[in-house]
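Residue-level structure breakdown
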Amino acid sequence: MLTKRIIPCLDIKMGKVVKGINFVNLKEVGDPVEIAEYYNKEGADEIVFLDITATSDGRDTMIDVVRKTAEKVFIPLTVGGGIRNIDDFKKILRAGADKISVNSAAIRNPNLIYDAADKFGSQCVVLAIDANKNEDSESWNVYINGGRIDTGLDAVEWAKKAKSLGAGEILLTSMDADGSKQGYDIDLTNAISNEVKIPVIASGGCGSLKDCYDVFKYSGADAALAASLFHYGELSIKQVKEYLKDRDIGVRL
């Protein structure tokens, strides 16, 4: 049985880790390199590093921060934000990232997924989907630019297309649940994971140990991502993993 992964997320704005609610009201948390190093020692399975304003600001991901982070952590590091082309993939992978997360650029040019998977391998290509529930409550649209722009794309259909183009993993964030601490969006996670048959990282809404259990028990998520719970010391990665293990969810201790 494949073990489930617990992944802390570092949202970066102007060189600092920040956290907000529903993608707004961002508060500064600390230095990304120090925080990543701490999570590495804590037993995180991977770290996701997202430069959340690089795309909307029209600038590159901060390569120096990626490089410094990669020197300190010895678990897989996924980096996203401001990725526009194959050269960006190459630069960030050379800086020490193991995977690249793309969102806006892949929507504007879906062939970027194919080209990146062809050049670097599907395992390096993570499609980030920021999804918001529509008024019919039965479907979700994809948003870009840090949740600012509704693309009109159906999240499930976009995930299926990305998988067919070579994406190796989906980083799925529920905008409705983000920062709410009311639990992961199980319906959204299942809607995607049931269709794509590639690993899905559930993101948005984790507020308790039970939420971590529920997303693995009741959805097809392969990994659970959280930010504020870990950043503010409300839960430790060790606590989460021991809780899951005691309830027969396979994790790496």
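Details of the structure are given in the entry above.
Residues numbered from 1 in each chain as written. Predicted model: local features only at pLDDT ≥ 70, side-chain atom pairs only at ≥ 80, totals over all residues. Heavy atoms only, no water.

As for the environment of Arg247
Let me state the cut-off plainly: Think of it this way: any DSSP run of H or I at least four residues long counts as a helix, any run of E at least two long counts as a strand, and we number them from the N terminus. Partly exposed residues are those whose accessible area sits between 20% and 50% of the maximum for their type, while under 20% is buried and over 50% is exposed, using a 1.4 Å probe and protein chains only.
Checked against the element boundaries, Arg247 lands in the segment after helix H11 (237-246). Residue Arg247 is classed as partly exposed on the basis of its relative accessible area of 35%. Linking Arg247 and Trp158, residues 89 residues apart in sequence, is a C-alpha distance of 34 Å.

Quick notes on the packing of helix H1 (residues 32-42) against helix H3 (residues 63-72)
Just so we agree on the cut-off: Here, axes are lines fitted to C-alpha atoms. For helices the fit covers the stretch in contact, and angles between N-to-C directions go from 0 to 180 degrees. Note on angle classes: values under 35 degrees are labelled roughly parallel, values over 145 roughly antiparallel, values of 65 to 115 roughly perpendicular, and the remainder oblique. Should the near helix be turned anticlockwise from the far one by less than a right angle, the crossing is left-handed, and should it be turned clockwise, the crossing is right-handed. When checking whether two residues touch, look at their non-hydrogen atoms; a contact exists if any pair is within 4.5 Å.
H3 packs onto H1 with a crossing angle of 25° between their chain directions and a minimal axis gap of 9 Å. Comparing their axes, H3 and H1 come out roughly parallel. Of the two possible hands of crossing, H1 and H3 adopt the one that is right-handed. Of the residues in H3, those touching H1 at Pro32, Val33, Ala36, Glu37 and Asn40 are Val65, Lys68, Thr69 and Lys72.

Some remarks on the pairing of strand E4 (residues 47-51)
The criterion, for reference: Any two strands between which DSSP finds at least two bridges are classified as paired.
Of all the five residues making up E4, five are buried; the element is thus mostly covered by neighbouring parts of the structure. Neither face of E4 is exposed, since Ile47, Phe49 and Asp51 on one face and Val48 and Leu50 on the opposite face are all buried. Relative to E4, strand E1 (residues 5-13) runs parallel, the two being bridged by four bridges. Looking across to E4, one finds that Ile12 is bridged to Asp51.

Topic: the pattern of salt bridges
Here is the rule we go by: Between Lys or Arg on one side and Asp or Glu on the other, a salt bridge is scored when a side-chain nitrogen of the former is within 4 Å of a carboxyl oxygen of the latter.
Evaluated as defined, the whole model comprises twelve salt bridges. The residue Lys241 makes a salt bridge to Asp45 at a minimum N-O spacing of 3.0 Å. Here Lys241, found in helix H11, pairs with Asp45, found in the loop between H1 and E4; they are 196 residues apart in sequence, far enough to count as distant. On the basis of relative accessibility, which here comes to 3%, the residue Lys241 falls in the buried class. Note that Glu169 is salt-bridged to Lys99, the shortest N-O span being 2.9 Å. Here Glu169 is found in strand E10 (residues 169-174), whereas its partner Lys99 is found in strand E6 (residues 99-102), with 70 residues between them in sequence. Note on accessibility: Glu169 and Lys99 belong to one class, buried. Sharing partners across several salt bridges, the network here consists of Arg5, Glu46, Lys99 and Glu169.

Here we look at the state of the cysteines
As a reminder of what qualifies: Cysteine sulfur atoms are paired as a disulfide whenever they fall within 2.5 Å.
Throughout the structure, instances matching the rule amount to zero disulfides. The thiol of Cys124 is not disulfide-bonded; the next cysteine sulfur, from Cys9, is found 19 Å away. Given a relative accessible area of 9%, Cys124 falls into the buried group. Not part of a disulfide, Cys206 finds its nearest cysteine sulfur in Cys212, a span of 3.5 Å.

Considering the environment of Val17
Considering the arrangement of structural elements, one finds Val17 in strand E2 (residues 16-21). Sequence separation between Val17 and Gly30 is 13 residues, and the spatial gap between their C-alpha atoms is 5.2 Å.

Some words on the packing of aromatic side chains
Heads up, the rule is: Working definition: rings of Phe, Tyr and Trp (its six-membered ring) pair if their centres are within 6.5 Å, and the pair is stacked with planes under 30 degrees apart, edge-to-face with planes over 60 apart, and tilted otherwise. By definition here, charges over rings are those cases where NZ of Lys or CZ of Arg is within 6 Å of the ring centre and within 35 degrees of the ring normal.
Counting across every chain of the model gives three aromatic pairs. Aromatic pair Tyr38 and Tyr39: ring centres 5.6 Å apart, planes at 55°, arrangement tilted. Where Phe89 meets Phe120, the ring centres are 6.0 Å apart and the plane angle is 5°; that geometry is what we call stacked. With Phe89 in helix H4 (residues 86-94) and Phe120 in helix H6 (residues 111-120), the pair connects residues that are 31 residues apart, well separated along the chain. Summarising the burial analysis for this pair, Phe89 and Phe120 share the class buried. An aromatic cluster is defined as three or more aromatic residues linked by ring pairs; in this entry it consists of Tyr38, Tyr39 and Phe230. Just above the ring of Tyr243 sits the side chain of Arg247; from NZ or CZ to the centre is 3.6 Å.

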